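Summary of structural features
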Amino acid sequence: MANFHSRSNSFPSQSHPVIESVEDHLCRLRADSESTSVCANLASLKNLHEGINDLIQMTSIQQTLSQGNWINELLEGSIKLVDLCALSREIVCLTKESVQDLESSIRRNKAETATSADVGAYVASRKKITKMVNKSIKNLKSFNNKSTTDNDLWTMLKEAESHDLSVLKSVLILLSGENEKSSKTSWSLLSKFTTQNSRVYSESVAEDLSSLNIQKSTKSMDSKSMLKQLKSSEMIIQELEEGLEALFRSLVKTRVSLLNVLSN
């Protein structure tokens, strides 16, 4: 693992609070804690990018980023992350709508069990969402987030990118209602920084949304049980929605800061 406290000429010779803050955020994300939830890691990513944005404002850092093709590569990764986060938000929104529609239908019908039509419409919506998730994960395989240099600054920023990808991938798996260990989707893009973290991010709460995968065969489930199940899922979905919104704003802010470096 890279030790950023052993500095190269990419960082100021003396320790700086902003650099230490980013290092601390990376260390927390890197920590192998199975108790960390996806929602908690979204919040950690938001804090990390706020620190990175402050880092990019430093004159010495801007001078380093202006060398070679670094800034263009970071911008390429940045737009992919913004797009991925935006797509994740869209999938969360669709998931929330499908859950609320089924809840409304059950309450409106005032029946002891959900109707076959209501469950059928929900299942169709879930299939659409699962298809979007699978396509998104497949497209991420082309994402190159590996560090190709031992420069401290570059290594730090690429590690942050790796964590972004890992957590957002876990969000998608969580929304599909699947457990990552049971998923047959090949996942080989994670860099050396997050090989373990990708497992931690998803396994800790993957079961929480498994109840989203209601099948047509469950139409005989009593309404109270189904509503309780849906409400529990909706609470987690709301947390994901808020976490993704905050991360999206931070990613956009970081991208604007990188664009400003390019234009100066």
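Everything that follows concerns the structure shown earlier in this document.
Residues numbered from 1 in each chain as written. Predicted model: local features only at pLDDT ≥ 70, side-chain atom pairs only at ≥ 80, totals over all residues. Heavy atoms only, no water.

1. Some words on the overall build of the protein chain
What counts here: Strands are runs of DSSP state E lasting at least 2 residues, helices are runs of H or I lasting at least 4, and numbering of each runs from the N terminus. The contact rule is simple, with two residues in contact once any of their heavy atoms fall within 4.5 Å. The Shrake-Rupley method, run with a 1.4 Å probe sphere, supplies the accessible areas, and residue values consider only the shown protein chains as cover.
Counting its secondary structure elements, the protein chain contains eight helices and zero strands. Residue pairs at least 24 apart in sequence account for 84% of intrachain contacts in the protein chain once pairs closer than 6 positions are excluded. A total accessible area of about 12,800 Å² is found for the protein chain, and carbon and sulfur atoms account for 48% of it.

2. Let's talk about helix H4 (residues 70-109)
Using the following cut-off: Under the convention used throughout, the expected extent of a helix is 1.5 Å for every residue step, that is, one less than its residue count.
An ideal rise of 1.5 Å per residue puts 58 Å on 40 residues; H4 measures up with 59 Å between its terminal C-alpha atoms. Downstream of H4 by a residue or two, Lys110 has a phi angle that is positive, lying close to 50 degrees.

3. Observations concerning the pattern of salt bridges
When charged atoms on two side chains of opposite charge get close, those side chains can pair. The following threshold applies: For this analysis, a salt bridge means a side-chain nitrogen from Lys or Arg found within 4 Å of a carboxyl oxygen belonging to Asp or Glu. Only protein chains enter the accessibility calculation, which uses a 1.4 Å probe; a residue is then buried when its area is under 20% of its type maximum, exposed when over 50%, and partly exposed in between.
Enumeration according to the criterion identifies eight salt bridges in this entry. With a closest N to O distance of 2.9 Å, Lys96 and Glu241 form a salt bridge. Of this pair, Lys96 sits in helix H4 while Glu241 sits in helix H8 (residues 223-263), and the two are 145 residues apart along the sequence. Taking the shortest distance from any N to any O, the salt bridge between Glu161 and Lys158 comes out at 2.8 Å. Highlighted residues: Glu161 and Lys158, both in helix H6 (residues 152-176), separated by three residues, approximately one helical turn. Overall, the relative accessible area of 5% leaves Glu161 in the buried class. Since its relative accessible area comes to 4%, Lys158 is described here as buried. Sharing partners across several salt bridges, the network here consists of Arg89, Glu245 and Arg249.

4. So, the packing of helix H2 (residues 38-56) against H8
The condition is simple: Orientation is described by lines fitted to C-alpha atoms, with helices fitted over the stretch in contact, and by angles between N-to-C directions that extend from 0 to 180 degrees. The labels follow the angle: roughly parallel below 35 degrees, roughly antiparallel above 145, roughly perpendicular from 65 to 115, and oblique for the rest. By the definition used in this description, the sense in which the near helix is turned from the far one sets the handedness, with an anticlockwise turn below a right angle giving left-handed and a clockwise turn giving right-handed. Basically, the charged four are Asp, Glu, Lys and Arg, the nonpolar ten are Ala, Val, Leu, Ile, Met, Phe, Trp, Tyr, Cys and Pro, and anything else, Gly included, counts as polar.
Put simply, H2 and H8 touch, their axes get as near as 9 Å, and they point 15 degrees apart. With respect to each other, H2 and H8 are oriented roughly parallel. Considering the relative orientation of H2 and H8, their crossing is left-handed. A per-class count over the contact of H2 with H8 returns 14 nonpolar, six polar and four charged.

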